[in-house]
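Chain and residue survey
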Amino acid sequence: LEDHYSPSRWSPRLDRDTIIDAHLAVTAAGTERARASVRTLLHVPYGNGDREKLDIYFPTDLSETFPVLVYIHGGYWQCLSKDDSGFAAPPLVSQGVAVVAVGYDIAPEGHMDAMVLQVRRSLVFLVQHYPRIRGIYLCGHSAGAHLAAMVLSTDWTEFQVVPDIKGAVLVSGVYDLEPILHTYVNDALNMSREVAQRNSPMRNVPTAVPAACEVLVAVAQHDSPEFHRQSQEYSQALRAAGWSVSLLDLAGVDHFDVIEKLSEDSYILTQV
């Protein structure tokens, strides 16, 4: 399990000691470029916590309504931040899509229940403060794909707002947290079995509503067999509950460049 939940061990292009540093460098540099070239509103608070902030990258023409892609970063719920999460903005902004990078409390300060609630609250904030948004699309990578999937299982009645979520792109995610309990990943998270179960999208698949969003579950060729299994089983569970879902196995990429390439116009996920 340790091996299968260590994405850095599975890449053929870089060794495990350098690939994470390389990923941090690529996402940070891409975000810096995006902030320099795109109209932004940075560190917008959606709550009172230090990390409860959004970075918003606006499309050039704001006279019309616009769709928004909400990006939820990975880092195994314990590293990275919204400040490394703007790299996907330039190609999308040029097509009239706003991009929002969500900050949330990472472990050990952040607990799983709180992270899930923060991401849900960030969407409520967007809906309440930006009436010109025309449809929300979620994109999450790794731990962020888990959090995006938890958004799909939200009972919105307690929030008095129902975000119009039209699509979700879940990239190299973990959808059942149970195996994580037995690995080093849980050292910082400190989840009990109950916490893992109530925060596992796989165990909380809602029946699709008629106008339900389209879900794309993507996994990298060089993700571990466990990541492939989780992606397959979660997409099957969604399909069984009536969701419109497709599973995409992306050739030639690993757990890290599968998302880094969102900064490229021609990349298949950017196009989707």
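Residues numbered from 1 in each chain as written. Predicted model: local features only at pLDDT ≥ 70, side-chain atom pairs only at ≥ 80, totals over all residues. Heavy atoms only, no water.

1. A few points about the sheet that holds strand β7 (residues 214-220)
Across the sheet, eight strands lie side by side as β1-β2-β4-β3-β5-β6-β7-β8; this open sheet has mixed pairing. Each end of this open sheet is capped by a strand with a single partner; those strands are β1 (39-45) and β8 (244-250). Looking at each pair of strands side by side, their axes are set apart by 15° on average, direction ignored. In terms of strand pairing, β7 meets β8 through seven bridges, oriented parallel. Bridged to Val 219 within β8 is Asp 249. Seen against the sheet, helix α3 (residues 112-129) touches β1, β2 (53-58), β3 (66-72), β4 (98-102), β5 (133-141) and β6 (165-171) and runs at an angle of roughly 160° to β5. (Pairing = 2+ DSSP bridges. Helix = DSSP H or I, 4+ residues; strand = E, 2+ residues; numbered from the N terminus. Axes fitted to C-alpha atoms, helices over the stretch in contact; angles between N-to-C directions. Contact = heavy atoms within 4.5 Å.)

2. Examining the nonpolar core
Counting 65 residues, the largest nonpolar core has Val 70, Trp 77, Leu 138, Leu 170 and Val 215 as the members making the most contacts within it. If we ignore the near neighbours within four places in the chain, the residues touching Leu 170 are Gly 140, Ala 145, Ala 148, Ala 149, Tyr 175, Val 215, Leu 216, Val 217, Ala 218 and Tyr 234. In terms of nonpolar packing, the next biggest core, distinct from the first, is built from 25 residues, Val 171, Leu 250, Val 253 and Tyr 267 among them. (Core = buried A, V, L, I, M, F, W, Y, C linked by side-chain atoms within 4.5 Å. Buried < 20%, exposed > 50% of the residue type's maximum accessible area, 1.4 Å probe, protein only.)

3. Details of the UniProt feature "domain: BD-FAE-like" (unreviewed entry) in the chain
The positions UniProt marks with the feature "domain: BD-FAE-like" (unreviewed entry) are residues 54-153. End C-alpha to end C-alpha, residues 54-153 measures 22 Å, and it is 33% helix and 26% strand. (UniProt positions renumbered as here; feature names shortened; annotations may be inferred.)

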